[in-house]
Amino acid sequence: MGDFFRKNREILLLAVIILLAMDFRIMLLGIHRLHMDECLYSAYAVRMINHGDIVMNGGLFVDKPPLFFFAIAISFLVNGVSENAARLPNIIFSLLTVFFIYRLAKKMYGDDVTALLAAAFSGFSVIFTLFSTTAFQDISMTAFMVMSLYALKEGRHFRSALFYAFSIACKPMTIFILPLYAVMVVSETGLTGLKKEAMKYLRAFAWVFVPLTLWNGFLANPRWGMFKFFITQQPEAMKVSGNFPERFMIWLGYSEQLINGYVFLAIAAAGMLLLCLSGLVTRKKEPLKSDITIVLFIVYIYFIFSFLQFRQFDRYVVVLVPFVSIALARTIGAALSLLKNRNTAVLIAAVVTAVYALPMRGIQDSTLKMGAAFDHGDGFEKAAVFVRQSGGEKTQLIYFGDTISWYGYFYLADVKFGGNRSVYSLDELKKVEALFPGKNLVLVNAMDRKKEEVDILTNTHKLVYSSDGSGTGAEKYLVFEAPPQNR
């Protein structure tokens, strides 16, 4: 048994890291309801399963690449439609990411301690764990990006380009990393080698982007909607920011839990700086080349996020997890390599990993309000049950608020109503109610509206349901029925 462990120690330790990472993610399932964006993405998959809408040409507008939505649809097909099934694909993608971060770090540095630390630091990253148990696109995008970089380091150029294209087909954010990816390709192949491999890259991109473009132009709803995404939703993303320092500090704030606190982030930053300086002095080509690559990716991503006017959401920094995890692992691995006793180095690595993983204890009770800890939708599922039971084709459902209808995409999918509208003011509500002769149900998130508005609704309408999240941290969803005089 001792010989077996010694011979297979590295792979067994990796398996333990991945199993622990999986356990932390599974613990988060079912803790809170889906985010409004998760509801939309899951609704695409529901339509595929229930209506055969494989090309996503009906019902809902699709202005994003569809690859990840197919992953949710497959999960629904296998597991049935549920919150957990919607979030399962990203758990799998995140664990694949941890595995390939290990492989990438091992390929870059040839050191098993650094590779295992990189796997642990990514697998036990608070922000990565919280978003791994969601149905956002960022996790699958990051997984394919890491697979692409590993394939490139392996000299598998067609596979690298294919995975990179898959990353963009999950979420277009990685298209902004294309210049750095191109630099890395040239660095690996040289200009002469690039000429030989160019057709592999073109063919791989064609396999993904030709059908994607044809779908986008001739089948998707709306036509060319994917290419209009940055015009319709993030027009600022193509403009230069005028407040770079302020934006950078906001992104840095979101980064606190990338590798579990600013202390580890500072260690990684200082360590990589020293290692690059040391490499320049000693002229050790391979470690220096890998160090510069990691630093370039980190600096470039922060720069492009701050230089351009991307909307600032916490989940966007997930793409940094592989690079900061490897940076921290490389820093600690380099320090441990100075020790003559390997057993001591392994023991210290285990202690550092244990300290790093401490925030994983009780992560299901996290108050960070991000990813799987986002609780804004809690209570809607209860209100949805009431609306399903009391509604029908003779009932008009009115969502009162900016985003509340997004939850209905999933929790009230395929429920038939006489009408389904969204309103944003009491005056607009009264006008919409007057248009429908049947029963009008008004669904509102009381935490999103002014107290005066809720008080007026309480006085002018009949309160027929309250999710009553008091004491649980849940939001309070209310259902009102409009009186006859409002119609």
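Just so it is clear, the structure is predicted and the values come from calculations on it, not from any experiment.

A. Just the overall build of the protein, in detail. Each helix and strand counted, the protein has 20 helices and 5 strands in total. Against the globule reference of 23 Å for 487 residues, the protein gives a C-alpha radius of gyration of 25 Å, in line with a compact fold. With respect to the three principal axes, the spread of C-alpha positions in the protein is 85 × 50 × 50 Å. For the protein, the proportion of its 487 residues judged to be buried stands at 54%. In the protein, the proportion of contacts linking residues at least 24 apart, taken out of those at least 6 apart, comes to 76%.

B. Structural context of the packing of aromatic side chains. Counted by the stated rule, this structure contains 37 aromatic pairs. Judged by centre distance (5.8 Å) and plane angle (55°), the ring pair of F100 and Y150 falls under tilted. In this pair, F100 sits in helix α5 (residues 83-109) while Y150 sits in helix α8 (residues 138-153), placing the two residues 50 residues apart along the sequence. Assigned by exposure class, F100 and Y150 land together as buried.

C. Seen up close, the nonpolar core. Counting 148 residues, the largest nonpolar core has F124, I294, F305 and F380 as the members making the most contacts within it. Considering each element in turn, this core owes the most residues, 13 residues, to α5. Other than its neighbours up to four places away in sequence, F305 contacts M173, R247, W251, F310, Y316 and V319. Within the second largest apolar cluster, 12 residues are counted, among which are I398, V423, V442 and V444.

D. Structural view of the pattern of salt bridges. Inspection of the entire model under this criterion finds 18 salt bridges. The residue E38 makes a salt bridge to R87 at a minimum N-O spacing of 2.9 Å. Here the residue E38 occupies a position in helix α3 (residues 36-51), and R87 occupies one in helix α5, the gap between them amounting to 49 residues. Exposure remark for E38: the relative accessible area of 0% places this residue in the buried category.

E. Representation of the sheet that holds strand β2 (residues 419-423) in the model. The strand order across the open sheet built from 5 strands is β2-β1-β3-β5-β4, with neighbouring strands paired in mixed fashion. For this open sheet the edge positions go to β2 and β4 (462-466), each flanked by a neighbour on one side alone. Going across the sheet, the axis of each strand differs from the next one's by a mean of 25°, ignoring polarity. In the sheet, strand β1 (residues 395-400) pairs with strand β3 (residues 439-445) via 6 bridges, with the strands oriented parallel. Among the inter-strand pairings, F400 is bridged to a residue of β3, identified as V444. The sheet contacts of helix α17 (residues 380-390) involve β1, β3, β4 and β5 (477-481), and relative to β5 the element is tilted by about 25°. Its contacts with the sheet put helix α18 (residues 404-411) on β1, β2, β3 and β5, and the angle it makes with β1 is roughly 130°.

F. Looking closely at unusual backbone geometry. The residue after N221, namely P222, is reached through a cis peptide bond having omega 5°. Topologically, P222 is positioned in the loop between α10 (178-218) and α11 (229-232). Phi at N260 is positive, roughly 60°, even though this residue is not glycine. By the secondary structure assignment, N260 is in the loop between α12 (244-254) and α13 (262-282). For N260, a relative accessible area of 9% corresponds to the buried category. Residue K369 is not a glycine yet carries a positive backbone phi of 60°. Looking at K369, the relative accessible area reads 44%, which means it is partly exposed.

G. Up close: the side chain of Q137. Its place among the elements puts Q137 in the loop between α7 (126-132) and α8. Of the polar contacts made by the side chain of Q137, one reaches the side chain of Y41; its length is 3.3 Å. Polar contacts involving the side chain of Q137 include one to the main-chain carbonyl oxygen of C170, which spans 3.0 Å. With residues up to four places along the chain from it excluded, the contact list for Q137 reads Y41, K64, P65, F68, F69, C170 and K171.

H. Representation of the packing of helix α4 (residues 67-79) against α5 within the structure. At a minimum axis separation of 8 Å, α4 and α5 run at an interaxial angle of 120°. The two elements α4 and α5 cross, and the hand of that crossing is right-handed. Contact residues: F68, A71, I72, S75, F76 and N79 in α4; A85, A86, L88, P89, N90 and F93 in α5. Residues of the contact of α4 with α5, tallied by class, amount to 9 nonpolar, 3 polar and no charged.

I. The arrangement of the environment of N90 in detail. Mapped onto the elements, N90 comes out in helix α5. Among the polar contacts made by the side chain of N90, one reaches the main-chain carbonyl oxygen of T134 at a distance of 2.8 Å.

J. Geometry of the packing of helix α9 (residues 157-170) against α10. Two elements in contact, α9 and α10, have axes whose closest approach is 7 Å; the angle formed by their N-to-C orientations is 55°. One element, α9, and the other, α10, form an angle in the oblique class. Seen along the crossing, α9 lies across α10 with a hand that is right-handed. Counted by class, the contact of α9 with α10 contains 17 nonpolar, 3 polar and 3 charged residues.

K. Molecular detail of helix α19 (residues 426-434). Restricting attention to buried positions, one finds in α19 the residues L429, V432 and E433. Within α19, the buried residues cover an arc of 100° as seen down the axis, which keeps them to one side. Summarising the geometry of α19, the exposed residues directed more than 90 degrees from the buried face are D427, K430 and K431. Tucked into the core, α19 has its buried residues touching β1, β2, β3 and α20 (451-460).

How each quantity is defined
- Positions within a chain are numbered from 1, following the residues in the order the chain's sequence is written.
- Reporting of local features is limited, given that this is a predicted model, to residues whose pLDDT is at least 70; pairs of side-chain atoms are given and counted only at 80 or more, and all residues count toward the totals for whole chains, interfaces and linings.
- Working from all heavy atoms in the structure, the side-chain values ignore hydrogens and water.
- Only DSSP runs of H or I reaching four residues or more are called helices, and only runs of E reaching two or more are called strands; each is numbered from the N terminus.
- Only C-alpha atoms enter the radius of gyration, while the globule expectation follows 2.2 Å times N to the 0.38, with N the number of residues.
- Summary of the burial criterion: residues with accessible area below 20% of their type's maximum are buried, those above 50% are exposed, and those between are partly exposed, where the area comes from a 1.4 Å probe applied to protein chains only.
- Any two residues having at least one pair of non-hydrogen atoms within 4.5 Å are treated as being in contact.
- Here a Phe, Tyr or Trp ring, Trp counted by its six-membered ring, pairs with any other such ring whose centre lies within 6.5 Å, and the pair is stacked when the planes are under 30 degrees apart, edge-to-face when over 60, and tilted otherwise.
- Put simply, buried Ala, Val, Leu, Ile, Met, Phe, Trp, Tyr and Cys residues joined by side-chain atoms within 4.5 Å make one nonpolar core.
- For this analysis, a salt bridge means a side-chain nitrogen from Lys or Arg found within 4 Å of a carboxyl oxygen belonging to Asp or Glu.
- Following DSSP output, two strands are said to pair if at least two bridges run between them.
- A fitted line through C-alpha atoms serves as each axis, taken over the contacting stretch for helices, and the angle formed by two N-to-C directions is quoted from 0 to 180°.
- Pairs of N or O atoms are called polar contacts if they sit within 3.5 Å, as long as, within protein, a hydrogen donor faces a hydrogen acceptor (for residues adjacent in sequence, only side-chain-to-side-chain pairs).
- By convention the crossing between two helices is left-handed if the near helix lies anticlockwise of the far one by an angle smaller than a right angle, and right-handed if it lies clockwise.
- Charged residues are taken to be Asp, Glu, Lys and Arg, nonpolar residues to be Ala, Val, Leu, Ile, Met, Phe, Trp, Tyr, Cys and Pro, and polar residues to be all remaining types, Gly included.
- For classification, angles of less than 35 degrees are called roughly parallel, those exceeding 145 degrees roughly antiparallel, those between 65 and 115 degrees roughly perpendicular, and all remaining angles oblique.
- Taken from the helix axis, the directions to the C-beta atoms give the arc we talk about.

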